[in-house]
Number of protein chains: 4
Amino acid sequence: MSMTSGPPTPQDGEVGVAVIGAGYWGPNLVRNFLNCDRTWLWAVCDLDEQRARTVVGKRSSIEVTSRFEDLLADDRIEAVAIATPAATHLPLALAAIEAGKHILVEKPLALSAADARTIAEAAERAGLVAMCDHTFCYTPAVNRIRDEIAAGHLGRIQYVDSVRINLGLVQRDTDVFWDLLPHDLSILDSVLPAGTGPVAVSALGVDPIGAGKPCVGYVSLLLPDDAIAHVHVSWLSPVKIRNVVIGGSLRHLVWNDTDPTQRISTYERGVDIAEIEDEDEQRQLMFQYRTGDMHAPALTDAEALQSLVRDFATCIREGGTPRTDSWQGVRVLEVLEAVDRSRAADGVLVPVR
Amino acid sequence: MSMTSGPPTPQDGEVGVAVIGAGYWGPNLVRNFLNCDRTWLWAVCDLDEQRARTVVGKRSSIEVTSRFEDLLADDRIEAVAIATPAATHLPLALAAIEAGKHILVEKPLALSAADARTIAEAAERAGLVAMCDHTFCYTPAVNRIRDEIAAGHLGRIQYVDSVRINLGLVQRDTDVFWDLLPHDLSILDSVLPAGTGPVAVSALGVDPIGAGKPCVGYVSLLLPDDAIAHVHVSWLSPVKIRNVVIGGSLRHLVWNDTDPTQRISTYERGVDIAEIEDEDEQRQLMFQYRTGDMHAPALTDAEALQSLVRDFATCIREGGTPRTDSWQGVRVLEVLEAVDRSRAADGVLVPVR
Amino acid sequence: MSMTSGPPTPQDGEVGVAVIGAGYWGPNLVRNFLNCDRTWLWAVCDLDEQRARTVVGKRSSIEVTSRFEDLLADDRIEAVAIATPAATHLPLALAAIEAGKHILVEKPLALSAADARTIAEAAERAGLVAMCDHTFCYTPAVNRIRDEIAAGHLGRIQYVDSVRINLGLVQRDTDVFWDLLPHDLSILDSVLPAGTGPVAVSALGVDPIGAGKPCVGYVSLLLPDDAIAHVHVSWLSPVKIRNVVIGGSLRHLVWNDTDPTQRISTYERGVDIAEIEDEDEQRQLMFQYRTGDMHAPALTDAEALQSLVRDFATCIREGGTPRTDSWQGVRVLEVLEAVDRSRAADGVLVPVR
Amino acid sequence: MSMTSGPPTPQDGEVGVAVIGAGYWGPNLVRNFLNCDRTWLWAVCDLDEQRARTVVGKRSSIEVTSRFEDLLADDRIEAVAIATPAATHLPLALAAIEAGKHILVEKPLALSAADARTIAEAAERAGLVAMCDHTFCYTPAVNRIRDEIAAGHLGRIQYVDSVRINLGLVQRDTDVFWDLLPHDLSILDSVLPAGTGPVAVSALGVDPIGAGKPCVGYVSLLLPDDAIAHVHVSWLSPVKIRNVVIGGSLRHLVWNDTDPTQRISTYERGVDIAEIEDEDEQRQLMFQYRTGDMHAPALTDAEALQSLVRDFATCIREGGTPRTDSWQGVRVLEVLEAVDRSRAADGVLVPVR
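Residues numbered from 1 in each chain as written. Chains lettered and ligands numbered in written order. Predicted model: local features only at pLDDT ≥ 70, side-chain atom pairs only at ≥ 80, totals over all residues.

Student: Requested: an account of the overall build of chain A, with residues and values cited.
Tutor: The helix and strand tally for chain A stands at 9 helices and 17 strands. What you see for chain A is a C-alpha radius of gyration of 23 Å, in line with the 20 Å of a compact globule of 353 residues. Across the 353 residues of chain A, 52% fall into the buried class. For chain A, the proportion of contacts with a sequence separation of at least 24, taken over those separated by at least 6, is 65%. (Helix = DSSP H or I, 4+ residues; strand = E, 2+ residues; numbered from the N terminus. Rg over C-alpha atoms; globule rule 2.2 N^0.38 Å. Buried ≥ 20, exposed ≤ 12 C-beta atoms within 10 Å, placed from the backbone. Contact = placed C-beta atoms within 7 Å.)

Student: Got a sec to walk through the interface of chain A and chain D? Specific residues and values, please.
Tutor: If you look at the interface, chain A gives 42 residues, while chain D gives 42 residues. Those elements that place two or more of their residues in the side of chain A that touches chain D are strand E8 (157-167), strand E9 (169-170), strand E10 (200-206), strand E11 (216-222), strand E12 (228-234), strand E13 (236-248), strand E14 (251-256) and strand E16 (283-296) of chain A.

Student: So what's going on with the domain arrangement of chain A? Residues and values would help.
Tutor: Residue and element names in this part refer to chain A. Considered domain by domain, chain A is made up of domain 1 (15-134 + 306-325) and domain 2 (137-301 + 333-351). For domain 1 versus domain 2, the separation of C-alpha centres amounts to 30 Å. Tallying the contact residues gives 13 residues for domain 1 and 11 residues for domain 2. Secondary-structure elements contributing two or more residues to the side of domain 1 that touches domain 2 are helix H5 (113-126) and helix H8 (304-318). (Domains from an automatic or database assignment.)

Student: Could you give an account of helix H7 (residues 176-191) of chain D, naming the residues involved and the relevant values?
Tutor: All names here are of chain D. Compared with the 22 Å implied by 1.5 Å per residue over 16 residues, the 23 Å span of H7 between its first and last C-alpha is a close match. Maximum bend of H7: about 35 degrees, positioned at Pro182. Counting buried positions over the 16 residues of H7 gives 15, a clear majority of the element. (Expected span 1.5 Å × (residues − 1). Bend = angle between axes of the 7 residues up to and from the residue.)

Student: I'd like a description of the relation of the copies chain A and chain D, backed by residues and values.
Tutor: Between chain A and chain D, the superposition needs a rotation of 180 degrees and an axial shift of 0.0 Å, giving an RMSD of 0.0 Å. Viewed as a symmetry operation, the transformation between the two copies matches a two-fold axis. Within chain A, the C-alpha atom positioned nearest to the axis of rotation is that of Val348 of chain A, 2.8 Å from it. With an isologous cut-off of 70% or more, the 100% of interface residues of chain A that recur at the interface of chain D puts this contact in the isologous class. (Least-squares fit on C-alpha atoms with pLDDT ≥ 70 in both.)

Student: An account of unusual backbone geometry is needed here, citing residue identities and associated values.
Tutor: For the peptide bond that leads from Lys107 of chain C to Pro108 of chain C, omega is -5 degrees, which places it in the cis range. Tracing the chain through its elements places Pro108 of chain C in the loop between strand E6 (102-106) and helix H5 (113-126). For Asp346 of chain A, which is not glycine, the phi dihedral falls at a positive 60 degrees. With respect to the element layout, Asp346 of chain A can be found in the loop between helix H9 (326-344) and strand E17 (350-351). Positive phi, normally seen in glycine, also occurs at Arg59 of chain D, with a value near 65 degrees. With respect to the helices and strands, Arg59 of chain D occurs in the loop between helix H2 (49-56) and strand E4 (63-65). Overall, the presence of 24 C-beta atoms within 10 Å leaves Arg59 of chain D in the buried class.

Student: Explain the packing of helix H1 (residues 26-35) of chain D against helix H8 (residues 304-318) of chain D residue by residue, including any values.
Tutor: Helix-helix packing is characterised by the crossing angle of the two axes and by the distance between the axes. Residues and elements named next belong to chain D. The contact between H1 and H8 brings their axes to 9 Å, and the two run at 65 degrees. In this structure, the crossing between H1 and H8 has a hand that is right-handed. Where H1 abuts H8, its residues Asn28, Asn32, Phe33 and Asn35 lie against Leu305, Gln306 and Val309. In terms of residue class, the contact of H1 with H8 is made up of 3 nonpolar, 4 polar and no charged. (Axes fitted to C-alpha atoms, helices over the stretch in contact; angles between N-to-C directions. Left-handed = near helix turned anticlockwise from the far one by under 90°. Nonpolar A, V, L, I, M, F, W, Y, C, P; charged D, E, K, R; others polar.)

Student: Explain the pairing of strand E8 (residues 157-167) of chain B residue by residue, including any values.
Tutor: Residues and elements named next belong to chain B. Of all 11 residues in E8, 10 are buried, a share of seventy percent or more. Sheet analysis places E8 next to strand E13 (residues 236-248), joined by 9 bridges and oriented antiparallel. When the bridges of E13 are listed, Tyr159 appears paired with Gly247. As defined by bridge partners, E8 adjoins strand E12 (residues 228-234) across 7 bridges and the pair is classed as parallel. Its bridge partner being in E12, Asp161 is matched across the sheet by His230. (Pairing = 2+ DSSP bridges.)

Student: With reference to specific residues and values, describe the pairing of strand E12 (residues 228-234) of chain D.
Tutor: Residues and elements named next belong to chain D. When you tally the buried positions in E12, you get 7 out of 7 residues, the bulk of the element. Side chains Ile228, His230, His232 and Ser234 project from E12 onto one buried face, and the interleaved Ala229, Val231 and Val233 project onto a second face that is buried too. The pairing of strand E11 (residues 216-222) with E12 spans 7 bridges and is antiparallel. Looking at E12, one finds that Val219 is bridged to Val231. Counting the residues that bridge the hairpin from E11 to E12 gives 5 residues, and of these Asp225 lies at a positive phi of roughly 65 degrees.

Student: Give a description of the environment of Val335 of chain B that names residues and reports values.
Tutor: Residues and elements named next belong to chain B. Here Val335 is to be found in helix H9 (residues 326-344). Look at Val335 and you get buried, because 27 C-beta atoms sit within 10 Å. Between the C-alpha atoms of Val335 and Pro198, which are 137 residues apart in sequence, the distance is 7.4 Å. Discounting residues that sit within four places of it in the chain, Val335 has contacts with Leu185, Pro198, Val201 and Val352.

Student: Could you give me a rundown of the environment of Leu185 of chain A, with the residues and numbers involved?
Tutor: For Leu185 of chain A, the position within the fold is in helix H7 (residues 176-191). Excluding residues within four positions of it along the chain, Leu185 of chain A makes contact with Val332 and Val335 of chain A.

Student: Requested: an account of H9 of chain A, with residues and values cited.
Tutor: All names here are of chain A. Compared with an ideal rise of 1.5 Å per residue, which puts 19 residues at 27 Å, H9 spans 27 Å between its outermost C-alpha atoms and is within 8% of the ideal. Of all the 19 residues making up H9, 14 are buried; the element is thus mostly covered by neighbouring parts of the structure. Immediately downstream of H9, the backbone of Asp346 shows phi near 60 degrees, a positive value.

Student: Lay out the confidence of the model for chain A with the relevant residues and their values.
Tutor: On average, residues of chain A score 91 in pLDDT, and 92% of them reach the 70 mark or higher. Across the assembled chains, the prediction reports ipTM 0.88 with pTM 0.92. (pLDDT = per-residue confidence, 0-100.)

Student: Describe the packing of H5 of chain A against H9 of chain A, listing the residues and the values that go with them.
Tutor: All names here are of chain A. For the pair H5 and H9, the least separation of the axes is 8 Å and the interaxial angle reads 170 degrees. Relative to H9, H5 is oriented roughly antiparallel. Packed against H5, whose contacting residues are Ala113, Ala116, Arg117, Ile119, Ala120 and Ala123, the element H9 presents Ser326, Trp327, Gly329, Val330, Leu333, Glu334 and Glu337 at the interface. For the contact of H5 with H9, the residue count by class is 8 nonpolar, 2 polar and 3 charged. (Parallel < 35°, antiparallel > 145°, perpendicular 65-115°, else oblique.)

Student: Describe the environment of Lys58 of chain D, with residues and values.
Tutor: Residue and element names in this part refer to chain D. For Lys58, the location among the structural elements is in the loop between H2 and E4. Judged by the 22 C-beta atoms lying within 10 Å of it, Lys58 is buried. Lys58 sits 10 residues away from Phe68 along the chain, and the two C-alpha atoms are 22 Å apart.

Next up, the structure:
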């Protein structure tokens, strides 16, 4: 029969990539590299070659291997996405950089801020793109939030309250902070003006089910200028909530990520201020807030990971810094380490870094 | 390098399939045939070969062709999925059956009940599986509804009210009834006891935007025993609603398909009945309904099209009738034709068939 | 002890009123007349004097009586609110008008449009305010809808879809149409431009529980210029829905009355129109709608019945026509009668009046 | 005219009561004493007599006064409800007790736990009923929660997470903790088994708008047996949330008080536990939670304050301890004081009492 199969070779300009790690996240990377017109996925690598084969699926001509070194030696592969357990990120990332590969690393970038900095600096010295896969930062919702803040629509940011809870796996090699908090920390890092990130942290973790590690956590992050961010994370909530409220001096913004019809809402802020005299004849300001009109912009349904993968490829080809570069990965880890220190001291406020 | 690519040949027992039509629905079929461990997708066919190539995507070894005949002549291909415009379903299906291929046809099965019956009969004579792609019938929600009704939990079905509205494309070659109503009709056909389908229809279509065809429709379907089903379909609703209420003599069931956390709810039915004497000394029954407790079963997130594709492959290998066989396609078209007749007569009740 | 009780006499300008009927609605009237600074409630009348006493409650100095004639003879009483069974509205209203009292009558104004017209004309001749208690027309939501339409924000009204369903009492002396439809008909009458009300009606009622009267109803109302309104009413729905969608050529408006935080939403309407050439070389317009931005105005929580009572008192003192005057009651009944005629003829379209 | 007004005297057994304070809460007390068949409201007292008159409303024969002493001297008045500013609770309550009146005091019972204990002890010595108006404890939702916990349906309580936020008045004489937290503390006190209340507290308050006092607060309450309760209170949230999640070893319970159709939901808890061997050959338990079926009981719409008022009257007549007695008021204040101490120490964990 005269049927023809797909083209065997990358198009002009496509970045040759490989995925390391065929676990939970690997299939998403594979799908998005395949759907991206700027990348050409050569291979998937996993210690368990059969798992890699399952991830590429039937009818695929993507190569599979259990040998990481083969990828590094392959000149067609310009970049690798590392989606392996966090403990392996440092050695894999450094080896890839040494082999001249650009890297995209699953969060957390490493097991410590120091290790993350080692990766970031190595990539910088080698002139390679090093990116941390903070996927949420590429959602249309976060794009919108950043734009609203940058345009000054919310005014001065006064507080952020995030709830990120659901019923999930009590993971073996991480706790609820290290599992869920990087999402909020990277989002904050992406939307807040540079230099206004957390300066001190108070954290309390709880293990009500006897899992041997915190499964529910509450984190207060002091921001400059008396602003605050608070994050509630949980693996034990029967209902899934992904809700972020950003209170600004002009408007409030609510991001309810589980409501696809109305993810972002901004509320006008009706404030009545009155100067009154109190019983001791002191003059006081009284604030009375009213809920104002609400506006919910129509957002596109673009897949965040696709935008991230494009940003990665574009920065490799055209230069530039990806939105979630490895330095963001470092900053996220600096806060995570402060969380650990605060927890160890019964929730006392500790400075970041 | 020593990397190996995927296995080039189907596993034992996998059904060799091809997809005809690389339009809106084709990519979903391709993806699900690839993910199914009982099918092996050989080829995708479209008059526009480039479109077929786009659908199979990069790095795929699936063959693409613009020649339908090649598929029919290929012995490796045992079954074809037809996802082309409805006007082509009859000739393509008959040709496929003549070539000994099992068929899975996108809804509506054909342009008329008579044509659909021709297809169903031809397949039956040839001993081939002929299935209509009424995907919704394979959702966990519809599974649950059918089970609840079959187990008698709802009691006698008294009424069904369905709202299927959203903002969508005003399609060129179909109206809102033929586009959306098949979903409700096939679902009803799947969940109601055999032989209790619509016997008469009253339909009203509206074209408030001057599109030249109904964009909003209201359909009343009389069921046996004074029961009724009503369906509201629209291409013009700013909010997307997929809501079905089934009123039974014992319980109500609500299916809200846009609420992933609680798709199915059943409500106990508190009824107080009192025999009273009215002003003319007639004895009357008074009914006072109360809302009772609600129960929302946890449903799996299984993809319906995957279950459908498995059912197709299983019936081909092991025999049996798929849930949405071509005779269901015929029944759906019989009601659609009654809708057209009622609309032509200003909404008068017309019998089905 | 020196404690003093409330003032025994009305203030300047307060309208002296009485309430007839201490059933379901009476207590709401009593409460709102008491809270209104333009009315002074003298008495409550019910055939069952004890019921009247219960409605005024403990510690009240409101007089109670079982004799309607006493109210009519009492010069302090300038206006009466009639909240008795519908069959008594005509004689009570006419007697009140004859006694020179302004009237506020619970919906429906009478048992027929002819009777309603008799009331409206009698009041007009006597120069008295005659009002029908279509409370919904005074809600902040309906105010907003009327303003949006009047300001042209929605553009030309293309369709209205209303769902008014809940689990309720199957009433003895009325059916679901006469019980619930007056709400929608009066709202439409209030928000649509004058003269653009229903011109023809198709209605289907169902009695799935053997109650001897329709408990579920579907009504299509043809409006001028190919517009349509559809109303679904039910006493048998396990979930309470009060949802009205108004589709305009410029914007959609959604009124979800069970969501107190966001009752009114207006949606920008993204439309892409393309002129294409079809297979037969005919030129056709293609419409592709997109959901646009959404805006939800902050509404006050004002109680509708309070606004209605104020309007009544204001029209009595200062002249003017209340928003829901008796002629609106007539128009509502004209449509209800068309509903009955259509139902009697199996849902055929019948003209209004 | 022969009309008669309401009965001027209390019925047998009705408790004669008076309300002190005609501010925000007073009207609710007046309405509920009037609607209760076990109480007879004689008088309302406020320093501003006109305000008291406004609260009793038109046509009322309730007496009004500005002199608290008159109430105390009035033998018909057996009980007083005190709804004045918190700073006046102690002297008013003690004076009422000394005059032999039963008392119902608005929350907080006093400005300190010590003062509250003084009140509770004085009432106890005098053999009078002393109740704190923790209204929420009488809602059908809290009744249900207490019953579910007492019946063991939830298993061991592992954590409680409460969010009580809205846009509200920034009050002059209190902060967000003292304003909102008593609700959660009294609810916890009502539903948790006796003796399992908070033992230590960590609190963080924020003043992002420069109001001079905390407007947003986060409180962690350590409970016995490694359980925890966390409460988020805010006056600055654009959306109103009243959500409490109670995680038990058997089931989760969610109380969403802003959803009148489904206030209480209980979730079965699917847990898969596997014993695995980790990389270091240690045996570990793995927990994988799944969301199970959900059950939402039908709750009545009974007004909580009505039940509270009945409980007050019943305890006065028949003896017994009201659910929210003054000792509960003491316990709530003990925790509030711990909150203040923790806040003063930057959120460090402090013991209760």
